Amino acid sequence: MTINFSSGFAKNFQDTKQAEIRATVSALCVAAKRISHICARGPLENGLGDITGGANSDGDAQKALDVRSDEIVTAALETAPVAYYASEEQDDILTLDVNKPLAVASDPLDGSSNIDTNVSIGTIFSIYSACKDAKSSFFRVGSEQICGGFFVYGPQTTLVITAGDGTDTYVLDPDTGDFELAISNMKIISASTEYAINASNHKHWDASIRAYIEDCLAGVSGPLAAQYNMRWVGSLVADANRILSRGGVFMYPSDNRAGYQEGRLRLLYEANPVAFVIEQAGGVATDGTRRVLDMPLTALHQRVPLVFGSKTPVRTIEKYHLRSKNI
Ligand code: F6P
Ligand code: MN
């Protein structure tokens with residue numbers, strides 16, 4: 001046993017599909033336990049944050065833990081009912097066994113810049129039913145995910161997950177080695193005055209994001225009439241986890257740096273699974289104006305501007321976007 005599923009987990013699926021989803025999540029839990037163990041040893045493992053000399057599909061320098069995590073996730077999925085695996089760390093989709101029913105996309109190690117800093121990092125995943133071939137299994141809209149979520153390797157190792165009937169958090173119990181249900185049916189508060197953005201990119205943002213952040217900074221006497229607070233961990237999983245716990249809004253908008261015209265984050269294995277758990281917890285996830293889960297994937301490693309979290313600020317940011325485009 002690696003995870004003690006809540007009795008209702010994946011209850012919307014028929015028995016066979018539910019068993020396949022559970023087997024795949026269990027395999028991912030095995031991988032996460034290994035990665036969590038390596039993270040906990042940190043500098044004792046020697047060189048987890050070292051640049052390997054390779055680059056992933058997006059040109060980001062790969063670090064040793066990125067590569068190890070991808071190997072661990074691949075090995076775990078080989079034991080699961082998974083036909084295809086799409087990874088941030090691989091240019092192309094891996095075919096594991098065409099006769100299996102599911103397809104998994106993953107960012108095996110999210111938050112690579114925090115590897116050597118003892119700050120939370122994680123593994124993100126998204127599960128689909130496999131289609132007739134590798135490409136069509138992933139080139140679709142995120143609303144077709146059957147399960148999505150992420151692990152956080154932090155003070156606790158946690159799993160935040162949805163199979164389309166609410167968002168739950170499991171905690172890896174260090175005493176038993178199993179993931180135990182800790183918080184079921186999470187709900188994100190709808191109003192919040194906490195935002196997350198890498199403010200060092202201010203000069204590269206478009207007018208709408210600049211206007212919104214400037215109005216947040218203006219505080220109680222500004223147009224938003226509230227004192228705002230800012231947090232930016234620099235690991236998507238950690239910022240998403242905080243927003244699930246106490247609300248807020250995350251923004252990684254497009255900006256005018258080379259390579260950032262569509263933002264930084266990837267649709268398939270970052271934005272889609274995060275959007276799925278956020279929506280299932282009552283939050284909203286957009287690219288500024290459009291729902292993330294409605295966006296067709298047109299390139300495996302496609303980027304997307306990402307705004308998600310509490311409903312009120314996400315909708316307010318949408319208004320800033322529409323206003324700046326005079327819509
Ligand atoms: O995976 C990309 C990522 O590391 C996210 O985890 C994080 O939210 C973001 O990039 C950090 O970006 P930046 O380095 O610009 O702060
Ligand atoms: Mn990532």
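You'll find the structure just up there.
Positioned with a positive phi, A10 is a non-glycine residue whose angle comes to about 60°. Along the chain, A10 falls in the loop between β1 (3–4) and α1 (15–41). Residue N46 is not a glycine yet carries a positive backbone phi of 65°. Summarising the element assignment, N46 is placed in the loop between α1 and β2 (51–55).

Turning our eyes to something else, we now look at the sheet that holds strand β14 (residues 249–252). Sheet strands pair via backbone hydrogen bonds, and the direction of the pair is either parallel or antiparallel. Across the sheet, which stays open at both edges, the five strands sit in the order β13-β12-β14-β16-β15 with mixed pairing between neighbours. What marks the edges here is a single partner per strand, and that holds for β13 (229–230) and β15 (284–286). Examined bridge by bridge, strand β12 (residues 194–196) and β13 share two bridges and lie parallel to one another. Opposite Y195, over in β13, you have M230 as the bridge partner. Helix α6 (residues 267–280) contacts β15 and β16 (306–309) of the sheet and is inclined by roughly 25° relative to β16.

The subject of this paragraph is the nonpolar core. In terms of nonpolar packing, the biggest core is built from 43 residues, with F138, F150, L244, F250, L268 and F308 touching the most fellow members. When residues of this core are assigned to their parent elements, the largest contribution, eight residues, is made by α6. Looking at which domains feed residues into this core, each of domain 1 (15–183) and domain 2 (194–324) supplies at least three. Apart from the residues within four sequence positions on either side, F138 is in contact with Y84, Y85, A86, I93, A103, V104, A105, Y128, L268, L297 and L300. Judged by nonpolar contacts, the second largest core, of 39 residues, contains I3, A27, C29 and I72.

The subject of this paragraph is the environment of K17. Tracing the backbone shows K17 in helix α1. Once residues within four sequence positions are removed from consideration, K17 is found in contact with P101, L102, S129 and I146.

All right, on to the sheet that holds strand β4 (residues 82–87) then. Here nine strands make up an open sheet; going across it, the order is β1-β11-β10-β9-β8-β7-β6-β4-β5 and the pairing mixed. This sheet does not close on itself; its edge strands, each paired only once, are β1 and β5 (94–95). Relative to strand β7 (residues 121–129), strand β6 (residues 102–110) runs antiparallel, the two sharing seven bridges. Directly across from V104, in β7, lies its bridge partner I127. Where helix α5 (residues 236–246) meets the sheet, it contacts β6, β7, β8 (147–153), β9 (157–162) and β10 (167–172), and its direction lies at approximately 105° from that of β8.

Counted under the stated rule, the structure contains 11 aromatic pairs. Plain terms: the ring middles of W232 and Y252 are 5.9 Å apart, the flat faces sit at 55° to each other, and that makes the pair tilted. Taken together, the residues W232 in the loop between β13 and α5 and Y252 in strand β14 connect sequence positions 20 residues apart. An angle of 25° between the planes, with centres 6.4 Å apart, marks the rings of Y252 and Y260 as stacked. Assigned by exposure class, Y252 and Y260 land together as buried. For the cation-ring pair, R257 lies above Y260, with the distance from its terminal atom to the ring centre recorded as 3.6 Å.

Close to ligand 1 lie 13 residues; D110, L236, Y252, R264 and E270 are nearest. At 3.0 Å, a side-chain N or O of N198 approaches an oxygen atom of ligand 1. Between ligand 1 and L236, the relevant distance is 2.8 Å, taken from an oxygen atom to a main-chain nitrogen or oxygen of the residue. Across the complex, the protein chains shield 86% of the 400 Å² of accessible surface that ligand 1 would expose by itself. With respect to the detected pockets, ligand 1 is housed in the largest pocket. When the residues that make up the shell around ligand 1 are grouped by side-chain class, the tally is five nonpolar, four polar and four charged.

A metal bound by six donors in octahedral fashion has ideal angles of 90 or 180 degrees, whereas one bound by four tetrahedral donors has an ideal angle of 109.5 degrees. Only D107 (OD), D110 (OD) and E270 (OE) from the protein coordinate the manganese ion (ligand 2), and they sit 1.9 to 2.2 Å from it. One chain supplies every donor for the manganese ion (ligand 2), spaced along it as D-x2-D-x159-E. Of this pair, D107 sits in strand β6 while E270 sits in helix α6, placing them 163 residues apart in sequence. Each member of the pair, D107 together with E270, is buried.

Analysis parameters
Residues numbered from 1 in each chain as written. Chains lettered and ligands numbered in written order. Predicted model: local features only at pLDDT ≥ 70, side-chain atom pairs only at ≥ 80, totals over all residues. Heavy atoms only, no water. Helix = DSSP H or I, 4+ residues; strand = E, 2+ residues; numbered from the N terminus. Pairing = 2+ DSSP bridges. Contact = heavy atoms within 4.5 Å. Axes fitted to C-alpha atoms, helices over the stretch in contact; angles between N-to-C directions. Core = buried A, V, L, I, M, F, W, Y, C linked by side-chain atoms within 4.5 Å. Buried < 20%, exposed > 50% of the residue type's maximum accessible area, 1.4 Å probe, protein only. Domains from an automatic or database assignment. Phe/Tyr/Trp six-rings, centres within 6.5 Å; stacked < 30°, edge-to-face > 60°. Lys NZ or Arg CZ within 6 Å of the ring centre and 35° of its normal. Near = heavy atom within 4 Å. Polar contact = N/O pair within 3.5 Å; in protein donor to acceptor, adjacent residues only side chain to side chain. Areas by Shrake-Rupley, 256 points an atom, 1.4 Å probe, with all protein chains shown as cover. 1 Å grid on protein atoms, 1.4 Å probe; cavity = no way out; pocket = protein on both sides within 12 Å on 5 of 7 lines; lining within 4 Å. Sits in = over half its atoms within 2 Å of the grid points. Nonpolar A, V, L, I, M, F, W, Y, C, P; charged D, E, K, R; others polar. Donors = N, O, S within 2.8 Å, 3.2 Å for Na, K, Ca; no water.

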